[in-house]
There are 2 protein chains.
Amino acid sequence: MLTRADNANIDIAALMADMGARARVAAAPLAIATTGQKNAALNAMADALMDGQADILAANRSDMEAGREANLSSAFLDRLELTPDRIAAMAEGVRAIAALDDPVGSVIAAWDRPNGLHIERVRTPLGVIGVIYESRPNVTADAGALCLKAGNAVILRGGSDSVHSSRAIHACLVDGLEKAGLPADAIQLVPVTDRAAVGEMLKGLGGSIDVIVPRGGRGLVERVQTDARVPVFAHLEGLCHIYVDASADRDMAVNIVVNSKMRRTGICGAAETLLVDRKAAGTMLAPILDALDAAGCAIRADAQVRAAWPKAEPASDADWTTEYLDAIISVALVDGVGGAIDHIARHSSNHTEAIVAEDAGAVERFMGEIDSAILLHNASTQFADGAEFGMGAEIGIATGKMHARGPVGVEQLTSFNYRVRGSGQTRP
Amino acid sequence: MLTRADNANIDIAALMADMGARARVAAAPLAIATTGQKNAALNAMADALMDGQADILAANRSDMEAGREANLSSAFLDRLELTPDRIAAMAEGVRAIAALDDPVGSVIAAWDRPNGLHIERVRTPLGVIGVIYESRPNVTADAGALCLKAGNAVILRGGSDSVHSSRAIHACLVDGLEKAGLPADAIQLVPVTDRAAVGEMLKGLGGSIDVIVPRGGRGLVERVQTDARVPVFAHLEGLCHIYVDASADRDMAVNIVVNSKMRRTGICGAAETLLVDRKAAGTMLAPILDALDAAGCAIRADAQVRAAWPKAEPASDADWTTEYLDAIISVALVDGVGGAIDHIARHSSNHTEAIVAEDAGAVERFMGEIDSAILLHNASTQFADGAEFGMGAEIGIATGKMHARGPVGVEQLTSFNYRVRGSGQTRP
């Protein structure tokens, strides 16, 4: 097992090129592996995670000790820490992926041509996926399992602070692959912590990586987007808006706003800005802001909101573009749904926006005119989640518009091809 | 109108950034334009092309004269030349795009969640598309019309050799946009021939370009793939294979091979390599190669084929990876469908491959194990075409696996988002 101290002696470019080549070789049998084989591997991985709990916890203790010595924040250490419950949840997550429908080989569309050709559009694996993530060691299992279910080989590069935990989890995944007769190289973990390894992955390992999935904070995602020479499923920040129309049911608006902001403040689907229809300022603002305040949320507002609800702090320009991921919300009045659409077009990260309204015309404008991955009517922004969509596990929520958009689940980790069946047709 | 001589006085980066910003502004009303508005614009464009025929022909004469002075090849000049028939075909092409279904707003999938949420996946425009092309001036009309139909703004950068023709065609497109009340900036043509403009487009014009579509030869596509900092729908070469199994109907095999190679040799769906099942060498090789020879095709073959059909020239290693786009074919014997799959995995550009066979097992292996955009059974490779697939006009055939694969028509020029309708749901 390599450690940080070994890095200096290693030719990172050669190591990574070799991993890429091995992933590419593994991708071929994976692409045609049966559903039964893949599920057998996944269930064996879950068993191995449960059986290997002691080893995983021991590895995690090393990471936690090093993290405490390095004075990592308590939030960071919380993400890093594994417990028997968290390991059991990880194993259950892998079993849940086994239970999903296999996307590979499913016919997305089929049609006949006048000349008798029968055309099918069929899901196929993408090939080799590179996943670059930070402190949460459970991503090792989630990402490995999702990529395998979609018939892809994967190269995982976890954060250096969780390296021992990730290695222990990865050993369980390889165990599952081998028990099912699938190539061990189907799920590889970069064995070094040198950041140069990330740079090599972003260059695509000589054509061996088909797509990069970054999972982490803004700094990581921005580095990946700037430096990647291969396609990226980028998850930018979730600067989610919730708009309360004058036609909204007031109690529903209060419930949805509080849930959107406060259920969990640290997830990408948490609301960061509340927009209230100016026509409803007199009736809606006070009950919504009182409820947020009672729930412990700090409120930063424009001058008009503060005139109606003086307890709010003044919002600066930066507040309209800040993903707080905390119990803070920015609040502005807007001129109806048109004003909300304008504000969102200027400031949104195009992740998720919600409208609370009873007026059908306002709802249709909101749904039809805003270019964000997820738009919700009379529902909490916190439903922005692959599992809540019924798509099973997700590897992230893509904010780009190419290929995958919104929750990236097992279907989004596939491509497709056309299979055309004829009876001797030639083209005139 | 700017000419080549003006380029030196122009700040290309500023000019392109301004075009990008204007495209982004135009994209918003386009995204919500009605089908009727877009079709009115397209039909007005077709009218303007017919009415403007004299101007277009005059502009084309300037390009043709300059091209002859520059000693451009006759093949190049043929692609460049416009005639009244070609202009009429261009106008008909634009009307055919008007007749296509509007993809924007169509519901791709819809489902309900146990908590009562109704989720729809709805097609949306991609945004702003950059199209970089070479000598064929008709791409100006095709690409402009396709992007418009899908609700996208487009920045067109045509080849410098066809600049006058492209400008005359572009003027007709703008005329149509204006007649339908759509923004003229929806279809912009880069007004300078400086190659620095391409460099700016590949950098994405400060986030204004969502995807680049290169249309041209290998040099252009490779430059785009190397330098692009935004997603690319790349059309690499079509190194298409046709495999004749021992189970094939011999007459069908002869017809399909000759059509795949010789119907039109210059298109990306033309076959470049013929693979014949070793078990059928004695029965299949001679009739197929005799027919190709009679049709005027040069044959380059491995030693085993030459032993059976001595008239063939010897194939070099390079022949297995050469897209001839000419009346030349490389021919090898392989060990059944497994041998064909191996050869294709090593040498294919993953564009289009065909199998001629009656044995269902061989067909299923070929269809299931080869990772190319289009796979055909008992049909000519020359069907690799959006119109032949019933998808209407195409902007190219994508050989990548992300987002669009195979023919890139109006649907492939869209993205999608999720629209979720609730009745007050909050997340537990």
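Residues numbered from 1 in each chain as written. Chains lettered and ligands numbered in written order. Predicted model: local features only at pLDDT ≥ 70, side-chain atom pairs only at ≥ 80, totals over all residues. Heavy atoms only, no water.

**A few points about the state of the cysteines**
Residue and element names in this part refer to chain B. Considering all chains together, one arrives at zero disulfides over all chains under this definition. This cysteine, Cys 147, is not joined by any disulfide, and Cys 172 carries the nearest cysteine sulfur, 18 Å off. There is no disulfide at Cys 268, and the cysteine sulfur nearest it, in Cys 240, is 6.7 Å away. (Disulfide = S-S within 2.5 Å.)

**Observations regarding the confidence of the model for chain A**
Put simply, chain A has an average pLDDT of 94, and 98% of its residues get 70 or more. A low-confidence stretch, residues 1–5 of chain A (pLDDT under 50), is modelled with nine contacts involving residues beyond four sequence positions or located in other chains. (pLDDT = per-residue confidence, 0-100. Contact = heavy atoms within 4.5 Å.)

**Things to note about the packing of aromatic side chains**
Scanning the model with the defined rule gives eight aromatic pairs over all chains in all. Each ring, one from Tyr 418 of chain A and one from Phe 389 of chain B, has its centre 5.3 Å from the other, and the planes form 80°; the classification is edge-to-face. Taken together, the residues Tyr 418 of chain A in strand 16 (residues 414–425) and Phe 389 of chain B in the loop between strand 13 (374–379) and strand 14 (397–398) connect one chain to another. Look at Tyr 418 of chain A and you get buried, because its relative accessible area is 1%. Centroid distance Phe 416 of chain B to Tyr 418 of chain B: 5.8 Å. Interplanar angle 85°. Geometry classified as edge-to-face. Taken individually, Phe 416 of chain B and Tyr 418 of chain B each receive the classification buried, so the pair is uniform in this respect. A connected cluster of aromatic rings, assembled from ring pairs, spans Trp 111, Phe 416 and Tyr 418 of chain A together with Phe 389 of chain B. The aromatic ring of Phe 416 of chain A is capped on one face by Arg 121 of chain A, whose charged end is 3.9 Å from the ring centroid. (Phe/Tyr/Trp six-rings, centres within 6.5 Å; stacked < 30°, edge-to-face > 60°. Helix = DSSP H or I, 4+ residues; strand = E, 2+ residues; numbered from the N terminus. Buried < 20%, exposed > 50% of the residue type's maximum accessible area, 1.4 Å probe, protein only. Lys NZ or Arg CZ within 6 Å of the ring centre and 35° of its normal.)

**Remarks on the sheet that holds strand 1 (residues 107–112) of chain A**
To summarise the sheet geometry, strands pair through backbone hydrogen bonds and adopt either a parallel or an antiparallel arrangement. Sheet architecture is open: 10 strands sit in the order 1(A)-2(A)-16(A)-13(B)-12(B)-7(B)-8(B)-11(B)-9(B)-10(B), paired in mixed fashion. Two strands close off the open sheet at either side, each with one partner strand: strand 1 of chain A together with strand 10 (313–314) of chain B. Bridging between strand 9 (residues 298–301) of chain B and strand 10 of chain B involves two bridges; their strand directions are parallel. Opposite Ala 301 of chain B, over in strand 10 of chain B, you have Pro 314 of chain B as the bridge partner. In the packing of helix 10 (residues 250–262) of chain B onto the sheet, contacts are made with strand 16 of chain A together with strand 7 (240–244), strand 8 (271–277), strand 11 (328–334), strand 12 (352–356) and strand 13 of chain B, and the angle to strand 7 of chain B comes to roughly 170°. On top of the sheet, helix 13 (residues 336–347) of chain B reaches strand 7, strand 8, strand 11 and strand 12 of chain B; it is set at about 170° to strand 7 of chain B, its chief contact. (Pairing = 2+ DSSP bridges. Axes fitted to C-alpha atoms, helices over the stretch in contact; angles between N-to-C directions.)

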